[in-house]
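One-letter residues, chain by chain:
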Amino acid sequence: MKGEDVEGWAVITEAIGVALSGEKGQGHKLLLESWRATASSNHAQRCVLAHYLADTEEELAKEVAWDEAALGEYRHLEEDSLASIGVTSARGFEPSLRLNLADGYHRLDKLEAAREQLAAGQACAAVLGNDGYGNMIRTGLSNLAQRMEATGNRKSGVI
């Protein structure tokens, strides 16, 4: 199974837990340490690390850079690459990665890139389960599409 480095995953999931517990700065520090300690060939761990590092960034450009890195690493994953952390289908991770990147591009006013990522996220959303996670990502994609439409209308003078 790809990405089976159990010790590495334990450190990473602990760092994610710290970041999600509200200790964003400490979580960022721990995630960055894990990033530096993870082999560049371990795309599964690097994908997950970059995904969560983006969420801990204060600067939008750095957040987007991590989101781009996460998607770049994702492109090397096999279907079972994230099974070590309970994600049975790596394909189910792609819509979230696309959503985050589209949102970042939108906030950076890179509207064409945002539209491309949103469309890609919507196109692969069919792999999501009919559960809380799947519903959250589908709702996020829908909400972002509405925000982008409103932004586009304001910029074109329609609103």
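Small disclaimer: the values here were computed from a predicted structure and weren't measured.

With respect to the side chain of Gln 117
Residue placement: Gln 117 occurs in helix 6 (residues 111-124). A polar side-chain atom of Gln 117 sits 3.0 Å from a polar atom in the side chain of Arg 98. When near neighbours in sequence (up to four residues on either side) are disregarded, Gln 117 contacts Leu 71, Arg 98, Leu 101, Ala 102 and Tyr 105.

Here we look at the pattern of salt bridges
Using the criterion set out here, one finds 9 salt bridges in the structure. For the salt bridge of Glu 79 with Arg 91, the shortest nitrogen-to-oxygen distance reads 3.6 Å. Of this pair, Glu 79 sits in the loop between helix 4 (60-74) and helix 5 (94-107) while Arg 91 sits in the loop between helix 4 and helix 5, placing them 12 residues apart in sequence. The class of Glu 79 is partly exposed, set by a relative accessible area of 37%. Of the residues examined, Arg 91 reaches a relative accessible area of 47% and is grouped as partly exposed. For Asp 103, the salt bridge identified is with Arg 147, shortest N-O distance 2.4 Å. On the criterion of sequence distance, the pair formed by Asp 103 in helix 5 and Arg 147 in helix 7 (residues 132-156) is long-range, its members being 44 residues apart. Among the residues examined, Asp 103 registers a relative accessible area of 18% and is labelled buried. Classification of Arg 147 as partly exposed rests on a relative accessible area of 37%. When salt bridges that share partners are traced, they join Glu 63, Asp 103, Arg 107 and Arg 147 into one network.

Some details on the layout of surface pockets
Computed from the structure, the largest pocket encloses a volume of approximately 310 Å³. For the lining of the largest pocket, the secondary-structure elements that each account for two or more residues are helix 1 (6-20), helix 3 (43-56), helix 4, helix 5 and helix 7. Residue composition of the lining of the largest pocket, by class: 13 nonpolar, 4 polar and 5 charged. Quantified by volume, the second largest pocket comes out at close to 210 Å³. Lining the second largest pocket are Gly 86, Val 87, Thr 88, Ser 89, Gly 92, Phe 93, Val 127, Leu 128, Gly 129, Asp 131 and Tyr 133. Of the residues in the lining of the second largest pocket, the class split is 5 nonpolar, 5 polar and 1 charged.

Calculation criteria
- For every chain, the first residue of its written sequence is number 1, and the numbers climb from 1 along that sequence.
- In keeping with the model being predicted, local features are shown solely for residues with a pLDDT of at least 70 and side-chain atom pairs are shown and tallied solely at 80 or more, while totals for entire chains, interfaces and linings include all residues.
- For side-chain calculations, the full set of non-hydrogen atoms in the structure is used, while hydrogens and water are omitted.
- Elements are defined by DSSP. Helices are runs of H or I of four residues or more, strands are runs of E of two residues or more, and each kind is numbered from the N terminus.
- Any pair of N or O atoms that falls within 3.5 Å is considered a polar contact. Within protein, one atom must be able to donate a hydrogen and the other to accept it, and sequence-neighbouring residues count only if both atoms are side-chain atoms.
- Here a residue-residue contact requires only that any non-hydrogen atoms of the pair lie within 4.5 Å.
- For this document, the term salt bridge refers to a Lys or Arg side-chain nitrogen within 4 Å of an Asp or Glu carboxyl oxygen.
- Only protein chains enter the calculation, and the probe is 1.4 Å; a residue is then buried if its accessible area is under 20% of its type maximum, exposed if over 50%, and partly exposed in between.
- Two kinds of site are reported from a 1 Å grid over the protein atoms alone, namely cavities, where a 1.4 Å probe fits but cannot get out, and pockets, open sets with protein on both sides within 12 Å along at least five of seven lines, and residues are called lining when an atom falls within 4 Å of a point.
- Grid points are joined across faces, edges and corners, and a volume is the space filled by probe spheres set on the points.
- Classification convention: Asp, Glu, Lys, Arg as charged; Ala, Val, Leu, Ile, Met, Phe, Trp, Tyr, Cys, Pro as nonpolar; all other residues, Gly among them, as polar.

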